[in-house]
Amino acid sequence: MTLKARTRFAPSPTGELHIGGVRTAIFSWLLAKHTGGEFYLRIEDTDQERYVPGSTRRILESFDWLGITLDGGPDHDELRTMKTDEDYPGALDDGEYRGVPGPFVQSHRLPIYRQWAEWLVAHGYAYRATETPEELARMRAEAQSRKQTFIFREEMRLRTDVRPDEPHVIRMRVQPRDGRTEFDDLIKGHMVFENAQIDDQVLLKMDGFPTYHLAVVVDDHLQGVTHVLRGDDWLPSAPKHVLLYRYFGWEEPKWAHVPNVLGTDGKKLSKRHGAQSVFEFRDQGYIPEALINFLALLGWAPGGGDEQSVFTREELIAKFSMEGVGSSPAVFDYNKLDWLNGVHIRRLADADLAGRLIPFLAQAGIAVDTPERRALLLRIIPHIKERTKKLTDAAPLVDFFFGDIQTPPAEMLIGPKMEQHLSLYALRETRRLVEAVEPFEDAPLEQAMRKLGDDLQLKPTQLFTVVRNAVTGKTVTPPLFATMAILGRETCLARLDRAIARLQSGG
RNA sequence: GCCCCCAUCGUCUAGCGGUCCAGGACGCGGCCCUUUCAAGGCUGAAACACGGGUUCGAGUCCCGUUGGGGGCACCA
């Protein structure tokens, strides 16, 4: 039995939850759940400038929609006391869940970072500096003009007599200076970095906030994180974190730098490259089951000869392992997502699908707002399920059930390779049949219609096309006889009458 | 400029030295089923970036080249 993993997802509240980030979150969550451990959320709001009000709430809502439950994260109280009120109904009231200690919002942990930064100074692992961003930019530019890489070291300080009570930053002291820092990454393998390449990173900013580098290390340690999963764009700064763990004398977590998700253009997924928030996927009619399945497969495969590609959440949790995570970046493929979405839609129970469809139908102007209409939708579901790839596909398939139709133009009422009078005759005969069929159900209708087709010496396609178009006003519909049965005798008769009238006059 | 990562069909991938003239899935073509559209079944085309090694033997190990990506902030 593997040890229980505790993982976290630690976004900064700077906007919507992005699918690239979601995938990392999914891997983290799967790893935690696979081992029976915990997965929690931490909000990294240490950059006051980039803070976007409402994004924490949106992040919470995203996980809610995805069905990824958190074992820890900001509670109502904490959310309310953020820079802006970020309270979310789905958040829990407990101050601590499953033993993961909070607070979970970094701006609520400031004294902790200060304390550990001072600890580093006191123990010789960090020092105070006063260079302003402007001065640093100048130094950087100068180094560049001499074609040198700018790596900040304490002897470059403009002033060395920094007193603790004046404004300053705390920088880590990278040492040994000529050594190298090595660590093992679950995905990338053994990593070696020259310390000479690592700069004396600012750990505590002038405004009293920590930088990511300090905060992530302190929090991950204090909150018992066992596996650090994050995008591999963090790889170059990982040695700084490794060094900090060693300075503090803390046990290192397992590192896992997950390859990025690329856009179709081969570039890192970002706002400008077609990357989308989970809400956009939700609004486009994708269901969370499919999105999770798809994202999990982007970079992970069961391996060992297992060629399964459709997974439920539970199956993913059961089969996920870090060994299955690949080391190369993956391109987001909408074709496959669409297919998977269809697969998972087909797996939904009718009532479940109906419930998910209702908001999309409403969006399209189809109100399913009464028990009768709901029952109607439920009757239709079995016939549209396998025709629905995205929830947005349903509306055009069902609208003629819920409202009246435009009487189709005459040319639409003439069947393939048929004359007008023949089509008209077929329609009239169908009308008589519809009036008479008993019971007015799928099978009897089919039987009668097929016989009619034979009698008229029409191919099924010919007769059925004419009738379909007349009764639905569409050329693409669910299967005809079920459609007619659900529409009901009266509606079918009325529409046939109108079609007959149209064809009579339209000729 | 410096540092780092990556490299099997168009895409996601299996492959952890021989069982691979490279398997699966999406997509694409064809056929079947068929009242439209789907769904489903069968089937076809489609890949080990290149060059050196190591080895009896390399898609699999090593080095280099090329190509892609990422990082070099008091942003995460």
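Residues numbered from 1 in each chain as written. Chains lettered and ligands numbered in written order. Predicted model: local features only at pLDDT ≥ 70, side-chain atom pairs only at ≥ 80, totals over all residues. Heavy atoms only, no water.

A. Inspection of helix H4 (residues 110-122) at higher detail. Taking 1.5 Å of rise per residue, the 13 residues of H4 would be expected to cover 18 Å, and the 18 Å separating its terminal C-alpha atoms lies within 8% of that figure. Contact partners of the buried residues in H4: strand E3 (126-129), strand E4 (169-172), strand E7 (202-204), helix H6 (212-222) and helix H7 (238-248). Backbone geometry just downstream of H4 places glycine 124 in the positive-phi region, at approximately 80 degrees. (Helix = DSSP H or I, 4+ residues; strand = E, 2+ residues; numbered from the N terminus. Expected span 1.5 Å × (residues − 1). Contact = heavy atoms within 4.5 Å.)

B. Expanded view of the packing of helix H17 (residues 460-472) against helix H18 (residues 480-487). In the contact formed by H17 and H18, the axes pass within 11 Å of each other and the chain directions differ by 35 degrees. The handedness of the crossing between H17 and H18 comes out as left-handed. Of the residues in H18, those in contact with Phe464, Val467, Arg468, Val471 and Thr472 of H17 are Leu480, Phe481, Thr483, Met484 and Leu487. (Axes fitted to C-alpha atoms, helices over the stretch in contact; angles between N-to-C directions. Left-handed = near helix turned anticlockwise from the far one by under 90°.)

C. The arrangement of the pattern of salt bridges in detail. Throughout the structure, instances matching the rule amount to 39 salt bridges. Across the pair arginine 6 and glutamate 38 runs a salt bridge, and its minimum N-O distance is 2.9 Å. Here arginine 6 is found in strand E1 (residues 6-9), whereas its partner glutamate 38 is found in strand E2 (residues 38-41), with 32 residues between them in sequence. Exposure class is identical for arginine 6 and glutamate 38. Each is buried. In this structure, arginine 173 and glutamate 154 form a salt bridge, with 2.7 Å as the shortest nitrogen-oxygen distance. (Salt bridge = Lys/Arg side-chain N within 4 Å of Asp/Glu carboxyl O. Buried < 20%, exposed > 50% of the residue type's maximum accessible area, 1.4 Å probe, protein only.)

D. Layout of the packing of aromatic side chains. Here the structure, examined in full by the defined rule, presents 26 aromatic pairs. Ring geometry for tryptophan 116 versus phenylalanine 248: centroids 5.3 Å apart, planes at 85 degrees, classification edge-to-face. Taken together, the residues span a long stretch of sequence, with tryptophan 116 in helix H4 and phenylalanine 248 in helix H7 at a distance of 132 residues. Residue tryptophan 116 shares its accessibility class with phenylalanine 248, and that shared class is buried. Ring plane angle 85 degrees and centroid distance 5.8 Å describe the contact between tyrosine 245 and tryptophan 255, whose orientation is recorded as edge-to-face. Of the two residues, tyrosine 245 is situated in helix H7 and tryptophan 255 in strand E9 (residues 254-258); the sequence distance between them amounts to 10 residues. Every member of this aromatic cluster is reached through a ring pair, and the members are Trp116, Trp119, Tyr125, Phe183, Phe193, Tyr245, Tyr247, Phe248, Trp250 and Trp255. Its end group placed over the ring of phenylalanine 152, arginine 171 keeps NZ or CZ at 3.8 Å from the ring centre. (Phe/Tyr/Trp six-rings, centres within 6.5 Å; stacked < 30°, edge-to-face > 60°. Lys NZ or Arg CZ within 6 Å of the ring centre and 35° of its normal.)

E. View of the sheet that holds E7. Spatial ordering of the open sheet is given by E3-E4-E7, a layout of three strands whose pairing is antiparallel. The open sheet terminates on both sides in strands that have one partner only, identified here as E3 and E7. Averaged over all pairs of adjacent strands, the angle between their axes in this sheet comes to 45 degrees, without regard to strand direction. For E3 and E4, the ladder comprises four bridges, and the chain directions are antiparallel. (Pairing = 2+ DSSP bridges.)

F. Examining the protein's contact with RNA strand B more closely. Near RNA strand B, the surroundings consist of 65 residues, among which Glu131, Lys205, Glu386, Arg387 and Arg468 are the closest. Take the atoms of RNA strand B that sit within 4 Å of the protein: sugar and phosphate atoms are 69% of them. Note that a phosphate oxygen of RNA strand B is positioned 2.7 Å from one of the backbone N or O atoms of glycine 299. At 3.2 Å from a sugar or linking oxygen of RNA strand B is found a side-chain nitrogen or oxygen belonging to arginine 346. Only helix H5 (133-145), E4, strand E6 (189-194), strand E11 (330-331), helix H11 (334-347), H17 and H18 provide two or more residues apiece to the surface near RNA strand B. (Near = heavy atom within 4 Å. Polar contact = N/O pair within 3.5 Å; in protein donor to acceptor, adjacent residues only side chain to side chain.)

G. Local environment of the nonpolar core. Ranked by internal contacts, the top residues of the largest apolar core, which has 58 residues, are Leu361 and Val398. Sorting the residues of this core by element identifies helix H12 (350-363), helix H13 (371-384), helix H14 (395-402), helix H15 (420-436), helix H16 (442-455), H17, H18 and helix H19 (489-505) as the ones contributing at least two each. The residues touching leucine 361, leaving out its near neighbours within four places in the chain, are Ile366, Val368, Leu377, Ala394, Ala395 and Val398. Core analysis: the next-biggest nonpolar cluster, separate from the first, contains 54 residues, Ala5, Leu31, Val258 and Val310 among them. (Core = buried A, V, L, I, M, F, W, Y, C linked by side-chain atoms within 4.5 Å.)

H. Geometry of the confidence of the model for chain A. Mean pLDDT for chain A: 94, with 98% of residues reaching 70 or above. Here the complex is predicted with pTM 0.95, and the ipTM for its interfaces comes to 0.96. (pLDDT = per-residue confidence, 0-100.)

I. Spatial organisation of unusual backbone geometry. Note that the residue after glycine 102, namely proline 103, is joined by a cis bond; omega there is -5 degrees. As for its position among the elements, proline 103 is in the loop between helix H3 (76-80) and H4. With omega at -5 degrees, the peptide bond leading from glutamine 175 into proline 176 counts as cis. Following the sequence through the fold, proline 176 ends up in the loop between E4 and strand E5 (180-185). Its identity as a non-glycine residue notwithstanding, lysine 147 has a phi of 55 degrees, on the positive side. Here lysine 147 lies in the loop between H5 and E4. The phi dihedral of glutamine 457 falls on the positive side, at around 60 degrees, and the residue is not glycine. Assignment of secondary structure puts glutamine 457 in the loop between H16 and H17.

J. A look at H14. Burial of H14 is extensive: six of the eight residues sit out of reach of the surface. Inspection of H14 places Ala395, Leu397, Val398, Phe400, Phe401 and Phe402 among the buried residues, and these make up the whole buried set. At its buried positions, H14 is contacted by H12, H13, H17, H18 and H19.

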